[in-house]
Amino acid sequence: CGTLVGEPFTLRLYSLFVGSVRPKAKQDFTWKEEFVRCHAGLWRVAPEAPAHEAPLYADYCYELRIVEDRDDGRYHDDEASAEDGAAAPPWVADMAHKLGTTSMRPGSVVRIGLRSIANLHYTSAGSLLNIEDSSSPPWRQRWRGV
């Protein structure tokens, strides 16, 4: 399952669409809101390769885990089927407890190995990335092969 490292945090998750084949300005980029509200945390996990094949640093594998929180004030058309579906992974309850929330309704889960992060950027205002109605600072990352 893994061990939560540090404190989890709450965020809004977007993905990037490109408005043209070769963007010329920031207006050519469009952001799609994936999760209105979600919680993320850094987790230490077991190595992916067997110990005899893994390099020395394989003892330290980490992944960013993001879970959608459907307690976001919006209607989700698949809420009825989600209640009947599979239960959330056990680590979601650990994250909710650490956040001090009892109202979390888990939805989709995203798990990203830190080795797959190609770029990581932070800026002080969402308007710099042309994200409408964003006054909070965004954290932007790009994954290899995604």
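Residues numbered from 1 in each chain as written. Predicted model: local features only at pLDDT ≥ 70, side-chain atom pairs only at ≥ 80, totals over all residues. Heavy atoms only, no water.

### Description of the confidence of the model for the protein chain
Stated formally: Per-residue confidence from the predictor is reported as pLDDT, a score between 0 and 100. Should any heavy atoms of two residues lie within 4.5 Å, those residues are considered in contact.
Of the residues in the protein chain, 70% reach a pLDDT of 70 or more, and the chain-wide mean stands at 76. Every residue in residues 80-84 is under pLDDT 50, and counting partners more than four places away or in other chains gives one contact.

### Thoughts on the pattern of salt bridges
Selection rule: Salt bridge criterion: a side-chain nitrogen from Lys or Arg within 4 Å of a carboxyl oxygen from Asp or Glu. Put simply, DSSP marks the helices as runs of H or I at least four residues long and the strands as runs of E at least two long, and each gets a number from the N terminus on. Only protein chains enter the calculation, and the probe is 1.4 Å; a residue is then buried if its accessible area is under 20% of its type maximum, exposed if over 50%, and partly exposed in between.
Going through the model one piece at a time under the given rule, you end up with six salt bridges. Note that Glu 63 is salt-bridged to Arg 111, the shortest N-O span being 2.6 Å. Residue Glu 63 is found in strand E3 (residues 61-69), and its partner Arg 111 is found in strand E4 (residues 106-113); the two are separated by 48 residues along the sequence. With relative accessibility at 47%, the residue Arg 111 sits in the partly exposed group. Between Glu 68 and Arg 70 there is a salt bridge whose closest N-O contact spans 3.5 Å. Glu 68 sits in the buried class, given a relative accessible area of 7%. Looking at Arg 70, the relative accessible area reads 9%, which means it is buried. A single network of salt bridges, built from pairs that share partners, joins Glu 63, Arg 65 and Arg 111.

### A few points about the nonpolar core
Put simply, the test is: The term nonpolar core refers to a set of buried residues drawn from Ala, Val, Leu, Ile, Met, Phe, Trp, Tyr and Cys, joined through side-chain atoms within 4.5 Å.
In terms of nonpolar packing, the biggest core is built from 10 residues, these being Leu 4, Trp 43, Val 45, Cys 61, Val 67, Trp 91, Val 92, Met 95, Ala 96 and Met 104. The set of elements that each furnish at least two residues to this core consists of strand E2 (29-45), E3 and helix H2 (90-99). Tallying contributions element by element places H2 first for this core, with four residues. With sequence-adjacent residues up to four places away left out, Trp 91 is seen in contact with Cys 1, Trp 43, Arg 65, Val 67, Val 109 and Arg 111. Counting eight residues, the second-largest nonpolar core is a separate cluster that includes Phe 35, Cys 38, Ala 40 and Ile 66.

### Observations regarding the packing of aromatic side chains
Where we set the bar: Note on ring pairs: Phe, Tyr and Trp rings are taken, using the six-membered ring of Trp, and paired if centres are within 6.5 Å. Classes follow the plane angle, with under 30 degrees stacked, over 60 edge-to-face and the rest tilted.
Counted under the stated rule, the structure contains one aromatic pair. Pairing Trp 43 with Trp 91 gives two aromatic rings, centres 5.7 Å apart and planes at 65°, and the pair type is edge-to-face. Note that Trp 43 is positioned in strand E2 and Trp 91 in helix H2, a separation of 48 residues in sequence.

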